[in-house]
Number of protein chains: 2
Amino acid sequence: MTIDPDSYEPAYIQLAGLLRAAIDSGELAPGQPVPSEKTLIQQHGVARETVRRAISILRAEGRVQTLAGRGSYVRGSADEAEVVTLAPGSRISSRMPSPAERRQYGVAEGVPLFVVELEGQEAQAYPADRVILEVPSLT
Amino acid sequence: MTIDPDSYEPAYIQLAGLLRAAIDSGELAPGQPVPSEKTLIQQHGVARETVRRAISILRAEGRVQTLAGRGSYVRGSADEAEVVTLAPGSRISSRMPSPAERRQYGVAEGVPLFVVELEGQEAQAYPADRVILEVPSLT
DNA sequence: GGCTATTTGTTCGTATGTATA
DNA sequence: TTATACATACGAACAAATAGC
């Protein structure tokens, strides 16, 4: 699989696609490191910015986790997600957090934020990569 | 308000903060254009990439909308959001969509995706910038 | 503790293409 | 057509974090 610089599709999108496919196929299994930037630059003959943009896409999709000075690692599909039960009448929105919200709620870079609002109560927020919301069953 | 290149805080984060504050304070009102890249480069004495990264942050937060060849514009806070009612037993997660998902569900660039799963049914997905999820009241 | 190699993070410069006015 | 503005992509440099010795 190679990257076509003349494609209508930007190189960083192509590279993200290659890496996404490798993850989805199991070629890159959870816990395994994604090849380093330098390796990807050499393997695909692209610039560093192209590699970094591709990685950032996978990070935002929750597929990999990047550690400064170490590398990027494939995340498990359902690693450890806390289940939060929703109260009746709750309204849920999701968006990217501001830095202040990232700090306040402990949200990783590139990860969306859940905002749960309930009439007469203060809004609650959760990192979307570590929390699943649940509507209680009737039983 | 100025940007300090020697700060521990990256210049693009500082600039995003300045612009965010300008939007939140109403100095930049909904519908108004954000200053152009060239203007921001000159006003703050930073490189183009610094400006572009700052803008991309605001875009991901849903605060601005960027139109190629024109500029970035401040988005209205609660423009028009569809309310989707959740069935009992639903489980909700949120993440950035892959390109295929963006096409399939009509999600704008930099906007998270809601994924609603219900036992025994196919998962449903919604663009998080146009949809609010609601847990029905008991009444 | 330090030192070194590796890797990611940030910033600048430059160039080309595309879309809009 | 020209000017403006955003999108992509290359190269380069230095800083910061990490790991191993």
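Residues numbered from 1 in each chain as written. Chains lettered and ligands numbered in written order. Predicted model: local features only at pLDDT ≥ 70, side-chain atom pairs only at ≥ 80, totals over all residues. Heavy atoms only, no water.

A. Spatial organisation of the packing of aromatic side chains. Counted under the stated rule, the structure contains one aromatic pair over all chains. Their ring planes at 15° and their centres at 6.4 Å tell us that F114 of chain A and F114 of chain B sit as a pair that is stacked. Residue F114 of chain A is located in strand β5 (residues 113-117), and its partner F114 of chain B is located in strand β5 (residues 113-117); the two belong to separate chains. When sorted by exposure, F114 of chain A lands in the same class as F114 of chain B, which is buried. The residue whose ring lies beneath R53 of chain A is Y12 of chain A, and the NZ or CZ to ring-centre distance is 4.1 Å. (Phe/Tyr/Trp six-rings, centres within 6.5 Å; stacked < 30°, edge-to-face > 60°. Helix = DSSP H or I, 4+ residues; strand = E, 2+ residues; numbered from the N terminus. Buried < 20%, exposed > 50% of the residue type's maximum accessible area, 1.4 Å probe, protein only. Lys NZ or Arg CZ within 6 Å of the ring centre and 35° of its normal.)

B. Fine view of the relation of the copies chain B and chain A. Under the fitted operation, chain B is carried onto chain A by 0.2 Å of movement along the axis and a turn of 179°, and the coordinates agree to an RMSD of 0.6 Å. Put plainly, the chains are arranged around a two-fold axis. Comparing interface residues between copies, 100% of those in chain B also lie at the interface in chain A; the contact surface is shared. (Least-squares fit on C-alpha atoms with pLDDT ≥ 70 in both. Contact = heavy atoms within 4.5 Å.)

C. Summary view of the packing of helix α1 (residues 11-24) of chain A against helix α3 (residues 48-60) of chain A. All names here are of chain A. The interhelical angle for the contact between α1 and α3, taken along N-to-C directions, is 50°, at an axis separation of 8 Å. Between α1 and α3, the crossing angle belongs to the class labelled oblique. Note that α1 runs across α3; the crossing there is right-handed. Between α1 and α3, the contacting residues are A11, Y12, I13, L15, A16, L19, R20 and I23 on the first element and T50, V51, R53, A54, I55, I57 and L58 on the second. Here the contact of α1 with α3 is built from residues that sort into 12 nonpolar, one polar and two charged. (Axes fitted to C-alpha atoms, helices over the stretch in contact; angles between N-to-C directions. Parallel < 35°, antiparallel > 145°, perpendicular 65-115°, else oblique. Left-handed = near helix turned anticlockwise from the far one by under 90°. Nonpolar A, V, L, I, M, F, W, Y, C, P; charged D, E, K, R; others polar.)

D. Looking closely at the protein's contact with DNA strand D. Near DNA strand D lie 23 residues; those nearest to it are A11, E49, T50 and R53 of chain A together with E37 of chain B. The sugar-phosphate backbone supplies 68% of the atoms of DNA strand D found within 4 Å of the protein. One of the side-chain N or O atoms of Y12 of chain A is found 3.0 Å from a phosphate oxygen in DNA strand D. Elements that contribute at least two residues to the surface near DNA strand D include exactly α1 and α3 of chain A together with α3 (48-60), β1 (64-67) and β2 (71-74) of chain B. In terms of residue count, the dominant contributor to the surface near DNA strand D is α3 of chain A (four residues). Among the residues making up the surface near DNA strand D, the classes are represented as eight nonpolar, seven polar and eight charged. (Near = heavy atom within 4 Å. Polar contact = N/O pair within 3.5 Å; in protein donor to acceptor, adjacent residues only side chain to side chain.)

E. View of the environment of G120 of chain A. Of note, G120 of chain A is situated in the loop between β5 and β6 (124-127). Take G120 of chain A: its relative accessible area is 79%, and that puts it in the exposed class.

F. Quick look at the interface of chain B and chain A. On the side of chain A, 31 residues touch chain B, which itself brings 31 residues to the contact. Summing both sides of the interface, chain B and chain A together bury roughly 2500 Å²; the carbon and sulfur share of this comes to 62%. The largest per-residue losses of area from chain B upon contact with chain A belong to R91, M96 and V135 of chain B, which jointly make up 22% of the total buried on that side. Applying the counting criterion to the chain B and chain A interface returns two salt bridges. The residue E134 of chain A makes a salt bridge to R91 of chain B at a minimum N-O spacing of 3.3 Å. Broken down by element, the residue count for the side of chain B that touches chain A peaks at five residues, all from strand β4 (residues 91-95) of chain B. (Buried area = accessible area lost by both parts, 1.4 Å probe. Salt bridge = Lys/Arg side-chain N within 4 Å of Asp/Glu carboxyl O.)

G. Geometry of the protein's contact with DNA strand C. Looking at DNA strand C, there are 23 residues lining it, with R48 of chain A together with A11, Y12, E49 and T50 of chain B nearest. Each atom of DNA strand C within 4 Å of the protein was classed as base or backbone; sugar and phosphate made up 65%. In the environment of DNA strand C, a phosphate oxygen lies 2.8 Å from a nitrogen or oxygen atom belonging to the backbone of E37 of chain A. Sorting the residues of the surface near DNA strand C by element identifies α3, β1 (64-67) and β2 (71-74) of chain A together with α1 (11-24) and α3 of chain B as the ones contributing at least two each. For the surface near DNA strand C, the leading source of residues is α3 of chain B, giving four residues.

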